[in-house]
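The primary structure of each chain is shown beneath.
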Amino acid sequence: MKLFNTLTRRKDEFVPIQPGKIGLYCCGPTVYNFAHIGNLRTFLFEDFLRRGLEFLGFDVTQVMNITDVGHLTSDSDEGEDKMEKGAKREGKTVWEIAQFYTDAFMSDMQALNILPAHHFPRATDHIAEMITQIQQIEANGLTYQSGGNVYFDTSKLNDYGKLAQLDKQALQAGARIEVDPNKKNPHDFVLWFTDSKHGNQAMQWDSPWGRGFPGWHIECSAMSMKYLGKQFDIHCGGIDHIPVHHTNEIAQAEGATGQKPWVNVWMHGEFLLIDQGKMAKSGDNFLTLQRLVEKGYHPLDYRYFCLQAHTRKELNFTWEGMDAAKNARRRLNDKVLALPDGGAIDASSLERFKAVLADDLNMPEALAMVWKLLDDSTVPDADKRATILKMDQVLGLNLGQVVAVEIPDAVRELVKQREQARADKNWALSDQLRSDIEKAGFSVKDTGDGSVITQL
Ligand code: AMP
Ligand code: ZN
């Protein structure tokens, strides 16, 4: 199998540390708000990866962290703590915010048919592991204390920034004006905050350096090593993590153990854009899965939409694109439903499918192969069905299943209003509401037993 490795910037032959076994770590959500569909694109990519590796016969242990402390609004050490921000916004405690958005995240994952990771460690449950790792880094002479905080001294590592291929000289010369006067070098980062501007942070713990809270990056190096060992195979996230978060995770892990490389393969998902722009956590282009459902799409329509682009390519979200994905998924499902049972897997189609997965997980090509197989007159229909259902173990589209349609609350509300309009004999309003319901992707029929809603 070949995988594109951000460390080497090329497709490398993948060799697991232990034959047949893979340790896979994926940076998870910061649970201060709903995940937006850009975040979900990255989690879908990681699910395709996990399923693809398992399909090719590897025994995968996947870990995804839940960030519930320490992540500031910038990925470095500036700005407000995201959890505090969420708590202020909603008038709740940070702990309530964390629980609410963790649950929301899990329900999005389930709706998208994303397999649950084997471990979902929460940062706040692993403060002791983080403190131990900071102590190891400190014992290796790579830290300093300044302004009450513990910093990682990046100038002590001669390969700091290798993942991002940061050219240190160029960066130092052109570095932005440093906002944190406590830092010795522009790339230094906080391992443990104590006496900083975040003094009244609700989440605080005792530590050898004083009461405070961890910097964001330390949770991932500490927790991944707890569950996957000191060195492991694959680490993933979105491309925005390359220059700061993952770069700092490597510094911490290798700084703590001295063993290199900490992780063999780094894989990064390209961004989802909305109308060619960057997705913001606020504003009009903040789209959640729930919003798509309210607009009449099934969560798996979004899964299909993401399958159409390679992970290493930007993907532009448009409503037209979503409509096309919705229609294509429905057509595909109908075709598979119409195929007879009782066939055998077509070995040569399956081999080709595996080859496509083994080539850096080419999901658009894997999806295209399913369509090609449907048109292949040399394969009996029942065998097509058996083969496609097997392939769907990776695609995760629940093909061949009659899916119960979930009617969004907003549509139910329109139907209720329409029933009232009909009772009032307000036919103009009733017609208007019917058209609104259809725009949301549903049709309504009036029967003796009331309104029957079906998906268009
Ligand atoms: P966060 O909850 O902000 O920590 O982000 C969760 C994951 O989503 C990370 O792996 C990010 O790199 C990724 N991510 C953030 N924005 C986007 C986007 N627009 N498209 C794809 N992935 C994203
Ligand atoms: Zn991380």
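Everything quoted here is computed from the prediction, not taken from an experiment.

1. Considering the overall build of the protein chain
Step number 1: Counting its secondary structure elements, the protein chain contains 15 helices and 15 strands.
Step number 2: Against the 2.2 N^0.38 benchmark of 23 Å for 456 residues, the protein chain shows a C-alpha radius of gyration of 25 Å, consistent with a compact globule.
Step number 3: In terms of its C-alpha atoms, the protein chain occupies a principal-axis envelope of roughly 75 × 60 × 35 Å.
Step number 4: Put simply, the protein chain has 456 residues, and 53% of those count as buried.
Step number 5: Once local pairs closer than 6 in sequence are excluded, the contacts in the protein chain between residues at least 24 apart make up 75%.
Step number 6: Looking at the protein chain as shown, the accessible area adds up to about 19,800 Å², and 50% of this sits on carbon and sulfur atoms.
Step number 7: Within the protein chain, the 63 negative side-chain charges are centred at a point lying 2 Å from the centre of the 51 positive side-chain charges.

2. Details of the sheet that holds strand β13 (residues 315-317)
Step number 1: Taking strand neighbours across the sheet as the criterion, the three strands line up as β12-β11-β13 in an open arrangement whose pairing is mixed. Strands with a single pairing partner mark the edges of an open sheet, and in this sheet they are β12 (277-278) and β13.
Step number 2: Note: strand β11 (residues 272-274) against β13, three bridges, orientation parallel. Counterpart to Leu272 in the pairing with β13 is Leu315.
Step number 3: Sheet strands in contact with helix α1 (residues 37-55) are β11 and β13, and its direction is about 155° off that of β11.
Step number 4: Helix α9 (residues 299-307) contacts β11 and β13 of the sheet and is inclined by roughly 145° relative to β13.

3. Section: helix α10 (residues 319-338)
Step number 1: Look at α10: 29 Å from first C-alpha to last across 20 residues, which is about the 28 Å you get at 1.5 Å a residue.
Step number 2: The set of residues buried in α10 consists of Gly321, Met322, Ala325, Lys326, Ala328, Arg329, Leu332, Asn333 and Val336.
Step number 3: Lining the buried residues of α10 we find α8 (289-294), α9, β13, α12 (363-374), α13 (381-395) and β15 (450-455).

4. Considering the coordination of the zinc ion (ligand 2)
Step number 1: On the protein side, the zinc ion (ligand 2) has Cys27 (SG), Cys220 (SG) and His245 (NE2) as donor atoms, found 2.0 to 2.2 Å from it.
Step number 2: Each donor residue of the zinc ion (ligand 2) lies on the same chain, and together they follow the pattern C-x192-C-x24-H. Residue Cys220 is located in helix α6 (residues 217-228), and its partner His245 is located in helix α7 (residues 242-257); the two are separated by 25 residues in the primary sequence.
Step number 3: You can call His245 buried: its relative accessible area is 0%.

5. Describing α7
Step number 1: Along its 16 residues, α7 runs 21 Å from first to last C-alpha, staying within 8% of the 22 Å computed at 1.5 Å per residue.
Step number 2: Of the residues trailing α7, Gly258 is marked for its positive phi of about 75°.

6. Observations regarding the site of ligand 1
Step number 1: Close to ligand 1 lie 17 residues, the nearest being Thr30, Gly38, Thr42, Asp240 and Leu272.
Step number 2: Separating an oxygen atom of ligand 1 from a backbone N or O atom of Gly238 is a distance of 3.0 Å.
Step number 3: For ligand 1, whose unbound accessible area comes to 500 Å², protein coverage reaches 95%.
Step number 4: Of all the secondary structure elements, the ones that give two or more residues to the shell around ligand 1 are α1 and β9 (232-238).
Step number 5: With four residues, the top contributor of residues to the shell around ligand 1 is α1.
Step number 6: Residues belonging to the shell around ligand 1 are distributed by class as follows: five nonpolar, ten polar and two charged.

7. Brief notes about the packing of helix α4 (residues 127-139) against α7
Step number 1: Across the interface, α4 lies against α7 with an axial gap of 8 Å and an inter-helix angle of 65°. One way to sum up the angle between α4 and α7 is to call them roughly perpendicular. Here the hand of the crossing between α4 and α7 comes out left-handed. Along its contact with α4, which presents Gln133, Gln136 and Ile137, the element α7 presents Gln252, Gly255 and Ala256.
Step number 2: Taken together, the residues of the contact of α4 with α7 break down into two nonpolar, four polar and no charged.

8. A closer look at the domain arrangement of the protein chain
Often, the extent of an interface is quoted as the loss of accessible area upon association of its parts.
Step number 1: Looking at the protein chain, the domain boundaries give domain 1 (2-269), domain 2 (296-395) and domain 3 (409-455).
Step number 2: Relative placement of domain 1 and domain 3: their C-alpha centres are 48 Å apart.

9. Thoughts on the nonpolar core
Step number 1: Counting 122 residues, the largest nonpolar core has Ile37, Leu49, Ile234, Tyr302, Phe305, Phe317 and Leu332 as the members making the most contacts within it.
Step number 2: At nine residues, the largest contribution of residues to this core is made by α1.
Step number 3: Looking at which domains feed residues into this core, each of domain 1 (2-269) and domain 2 (296-395) gives three or more.
Step number 4: Counting eleven residues, the second largest nonpolar core, distinct from the first, contains Val411, Leu433, Ala440 and Phe442.

Reading guide: rules and limits
Residues numbered from 1 in each chain as written. Chains lettered and ligands numbered in written order. Predicted model: local features only at pLDDT ≥ 70, side-chain atom pairs only at ≥ 80, totals over all residues. Heavy atoms only, no water. Helix = DSSP H or I, 4+ residues; strand = E, 2+ residues; numbered from the N terminus. Rg over C-alpha atoms; globule rule 2.2 N^0.38 Å. Buried < 20%, exposed > 50% of the residue type's maximum accessible area, 1.4 Å probe, protein only. Contact = heavy atoms within 4.5 Å. Areas by Shrake-Rupley, 256 points an atom, 1.4 Å probe, with all protein chains shown as cover. Lys, Arg positive; Asp, Glu negative; His and termini not counted. Charge placed at Lys NZ, Arg CZ, Asp CG, Glu CD. Pairing = 2+ DSSP bridges. Axes fitted to C-alpha atoms, helices over the stretch in contact; angles between N-to-C directions. Expected span 1.5 Å × (residues − 1). Donors = N, O, S within 2.8 Å, 3.2 Å for Na, K, Ca; no water. Near = heavy atom within 4 Å. Polar contact = N/O pair within 3.5 Å; in protein donor to acceptor, adjacent residues only side chain to side chain. Nonpolar A, V, L, I, M, F, W, Y, C, P; charged D, E, K, R; others polar. Parallel < 35°, antiparallel > 145°, perpendicular 65-115°, else oblique. Left-handed = near helix turned anticlockwise from the far one by under 90°. Domains from an automatic or database assignment. Core = buried A, V, L, I, M, F, W, Y, C linked by side-chain atoms within 4.5 Å.

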